[in-house]
Amino acid sequence: MHVRPVDPTTLTIPVTFLSDDPDSLGMEGPERVVMAAKGQNLLEVALGNEINVEHACGGVCACSTCHIYVQEGMSLLSEPTEPEEDRVEEAPGLARNSRLSCQCEILCEGKILVRVPAWNRNAVKEVPH
Ligand code: FES
């Protein structure tokens, strides 16, 4: 997926990524704080910082592999659309704070905390052939 370039001076929003399986994401530990800009989505923020969140459809709301839990800062993000709500229901471990990271655009300044499920998986690949 192409990650749009960002003006470094606009990176003012701290986003904390938590993972129970940091190795699979390329993280050195269970927690990493990175800086983000308004207008970025959380998948771009992750990938731009080499946090390898699954994204089978390339960020177009056509899978559920980029599923995350937003633990803090939900009000700073764009509201889920109906297509996102339909799609995220396919994600394993669905919870009230489940979102598709590629659909979460950062709209406001504040603190954001997300957890990436350890069992994040590509549902498309799991369809029997
Ligand atoms: S990457 Fe497919 S829905 Fe987000």
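Structure: see above.
Calculation notes
- Residues numbered from 1 in each chain as written.
- Predicted model: local features only at pLDDT ≥ 70, side-chain atom pairs only at ≥ 80, totals over all residues.
- Heavy atoms only, no water.
- Pairing = 2+ DSSP bridges.
- Helix = DSSP H or I, 4+ residues; strand = E, 2+ residues; numbered from the N terminus.
- Axes fitted to C-alpha atoms, helices over the stretch in contact; angles between N-to-C directions.
- Buried < 20%, exposed > 50% of the residue type's maximum accessible area, 1.4 Å probe, protein only.
- Contact = heavy atoms within 4.5 Å.
- Polar contact = N/O pair within 3.5 Å; in protein donor to acceptor, adjacent residues only side chain to side chain.
- Core = buried A, V, L, I, M, F, W, Y, C linked by side-chain atoms within 4.5 Å.
- Salt bridge = Lys/Arg side-chain N within 4 Å of Asp/Glu carboxyl O.

> Hey, could you go over the sheet that holds strand 3 (residues 67–72) for me, with residue numbers and the actual values?
If you trace the five strands from one edge of the open sheet to the other, you get 2-1-5-3-4, paired in mixed fashion. Edge positions in the open sheet fall to strand 2 (31–36) and strand 4 (98–100), since each of these has one partner strand only. Direction aside, the axes of adjacent strands within the sheet are offset by 35 degrees on average. Bridge count between strand 3 and strand 4: three bridges; the pairing is antiparallel. When the sheet's bridge partners are listed, His67 is paired in strand 4 with Leu100.

> If you had to explain the environment of Thr12 to someone new, which residues and values would you point to?
Looking at the secondary structure, you find Thr12 in the segment before strand 1 (13–19). Residue classification places Thr12 among the partly exposed residues on the basis of a relative accessible area of 39%. Along the sequence, Thr12 and Gly29 sit 17 residues apart, while their C-alpha atoms lie 23 Å from each other. Ignoring any residue separated from it by four or fewer positions in sequence, one finds Thr12 in contact with Met35, Ala36 and Glu109. Of note is the side chain of Thr12, whose polar atom sits 2.9 Å from the side chain of Glu109.

> I'd like to hear about the nonpolar core, residue by residue, with values.
Ranked by internal contacts, the top residues of the largest apolar core, which has 28 residues, are Val15, Phe17, Leu42, Ile51, Ile106 and Ile112. For this core, the elements supplying multiple residues, two or more each, are strand 1, strand 2, helix 2 (42–48), strand 3 and strand 5 (112–116). Sort the elements by how many residues they give to this core and helix 2 lands first, with five residues. Sequence-distant contacts of Phe17, defined by excluding residues within four places in its chain, comprise Met27, Pro30, Glu31, Arg32, Val34, Leu42, Val45, Ala46, Ile51, Val114 and Val116.

> Pulling in residues and values, what's your account of unusual backbone geometry?
Positioned with a positive phi, Glu50 is a non-glycine residue whose angle comes to about 60 degrees. Overall, Glu50 belongs to the exposed group, its relative accessible area being 62%. With phi around 65 degrees, Cys61 is a residue other than glycine that occupies positive phi space. Tracing the chain through its elements places Cys61 in the loop between helix 2 and strand 3. In this structure Cys61 comes out as buried when scored by relative accessible area, which is 13%.

> Tell me about the pattern of salt bridges, residues and numbers included.
Enumeration according to the criterion identifies five salt bridges in this entry. Its salt-bridge partner being Glu44, residue Arg4 comes within 2.7 Å of it at the nearest N-O pair. Taken together, the positions of Arg4 in the segment before strand 1 and Glu44 in helix 2 put the pair 40 residues apart, joining distant regions of the chain. What makes Glu44 buried here is its relative accessible area of 3%.

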